[in-house]
Amino acid sequence: AEEIGGGDTEVVKDYFNNTGFQRWKKIYGQSTEDVNKVQLDIRIGHAKTVENTILMLKDGSGSLSGITICDAGCGTGSLSIPLAKEGAIVSASDISAAMVSEAKRKAEESLVEGGTSGVTMPKFEVSDLEGLKAKNHTVVCLDVLIHYPQSKADGMIAHLASLAEERLVISFAPKTFYLSILKRIGELFPGPSKATRAYLHAEKDVEAALNKVGWKISKRGIVTTKFYFSKLIEAVPVSS
Ligand code: SAM
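As the structure is a prediction and not an experimental result, all values here were calculated from the model.

Here is what the cut-offs are and how they apply
- Residues numbered from 1 in each chain as written.
- Predicted model: local features only at pLDDT ≥ 70, side-chain atom pairs only at ≥ 80, totals over all residues.
- Heavy atoms only, no water.
- Phe/Tyr/Trp six-rings, centres within 6.5 Å; stacked < 30°, edge-to-face > 60°.
- Buried < 20%, exposed > 50% of the residue type's maximum accessible area, 1.4 Å probe, protein only.
- Near = heavy atom within 4 Å.
- Polar contact = N/O pair within 3.5 Å; in protein donor to acceptor, adjacent residues only side chain to side chain.
- Areas by Shrake-Rupley, 256 points an atom, 1.4 Å probe, with all protein chains shown as cover.
- Nonpolar A, V, L, I, M, F, W, Y, C, P; charged D, E, K, R; others polar.
- Pairing = 2+ DSSP bridges.
- Helix = DSSP H or I, 4+ residues; strand = E, 2+ residues; numbered from the N terminus.
- Axes fitted to C-alpha atoms, helices over the stretch in contact; angles between N-to-C directions.
- 1 Å grid on protein atoms, 1.4 Å probe; cavity = no way out; pocket = protein on both sides within 12 Å on 5 of 7 lines; lining within 4 Å.
- Points joined across faces, edges and corners; volume = space filled by probe spheres on them.

Peer 1: Go over the packing of aromatic side chains with me, naming the residues and quoting the values.
Peer 2: The description of two aromatic rings rests on the distance between their centres and on the angle between their planes. The tally for this structure, following the rule as stated, stands at 2 aromatic pairs. Note on Tyr15 and Phe16: the rings are 4.9 Å apart at their centroids and 80° apart in plane angle, and the pair reads as edge-to-face. This pair shows no difference in class: Tyr15 is buried, exactly as Phe16 is. Taken together, a centroid distance of 5.3 Å and an interplanar angle of 45° make the contact between Trp24 and Tyr28 tilted.

See the structure below:
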């Protein structure tokens, strides 16, 4: 059975360069061939998270034009590409080289630089979150925390906050009773399309990690479908 995680970065990286890359590329893609019902459901839920993230960001700053945004753990560019379309200056990175090259390919295919909306091609880089150093106005990290056990999550959240000048948007799978059961069932019946080892996070734990470094939650949202669950939060420095 495919079991990844355990807080092991090398295992996660290897997974997202191989089986995980194939699986998620399909889920985040557009083709309906060779995609099962569960994967389609996840695709829809994830697309909603991307959409809500953009709404959340625009709600805070109006136009995203010229705003620097770090998309940490960018995957195949599902968020980076629409952000660039909105005129944002995007720095996208992922631990998986396969993900980064797919994101780059998709961006080059769907974005035209310049134009009336002033599109800038995102800057893509292979890097794990921990290796990121550059500061950006906004830092976004969608559906990555699921690969971090709570013991490592605090440090990851603190690091992302340190890179953000104005705000941090993170999504994570909430630790709720129902979801804990679903995860349990997934562990009991491992199959070929079994989800990657998933860590659920209690909202209060994520909030505590933010508070510890002087940040507070300013907006909250949630997306749930049958098989996809994601809490979306925006945080800002307490002093702001
Ligand atoms: N954020 C993207 C999105 O929402 O479309 C991708 C989400 S995908 C479920 C998780 C991504 O996190 C994968 O592309 C994986 O390679 C990346 N990832 C996992 N651990 C990481 C780490 N420590 N640093 C950077 N990226 C990581």
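We are not done yet, so read on.
Peer 1: Any chance you could break down the site of the ligand for me, citing the residues and the numbers?
Peer 2: Close contacts around the ligand come from 21 residues, with His46, Gly73, Asp94, Leu142 and Tyr148 the closest. Within the side chain of His46, one N or O atom sits 2.7 Å away from an oxygen atom of the ligand. Leu129 is positioned with one of its backbone polar atoms (N or O) 3.0 Å from a nitrogen atom of the ligand. Notes on the ligand: free accessible area 600 Å², of which the protein chains cover 97%. Class assignment for the residues of the shell around the ligand results in 10 nonpolar, 7 polar and 4 charged.

Peer 1: Hey, could you go over the sheet that holds strand β4 (residues 136-141) for me, with residue numbers and the actual values?
Peer 2: With mixed pairing, 7 strands are arranged side by side in an open sheet as β3-β2-β1-β4-β5-β7-β6. Each of the sheet's edge strands pairs with one partner strand only, and the pair in question is β3 (123-126) and β6 (215-224). Direction aside, the axes of adjacent strands within the sheet are offset by 15° on average. Relative to strand β7 (residues 229-237), β6 runs antiparallel, the two sharing 9 bridges. In the sheet register, Arg220 faces β7, and the bridge partner there is Ile233.

Peer 1: Please provide a residue-by-residue account of the layout of surface pockets, values included.
Peer 2: Considered as a void within the structure, the second largest pocket measures approximately 540 Å³ in volume. Lining the second largest pocket are 23 residues; nearest its centre among them are Tyr28, Gly29, Gln30, Ser78 and Lys106. If you list the elements that add at least two residues to the lining of the second largest pocket, you get α2 (19-27), α3 (37-61), α4 (80-85) and α5 (97-110).

In short, shape yes, function no, at least from these values alone.
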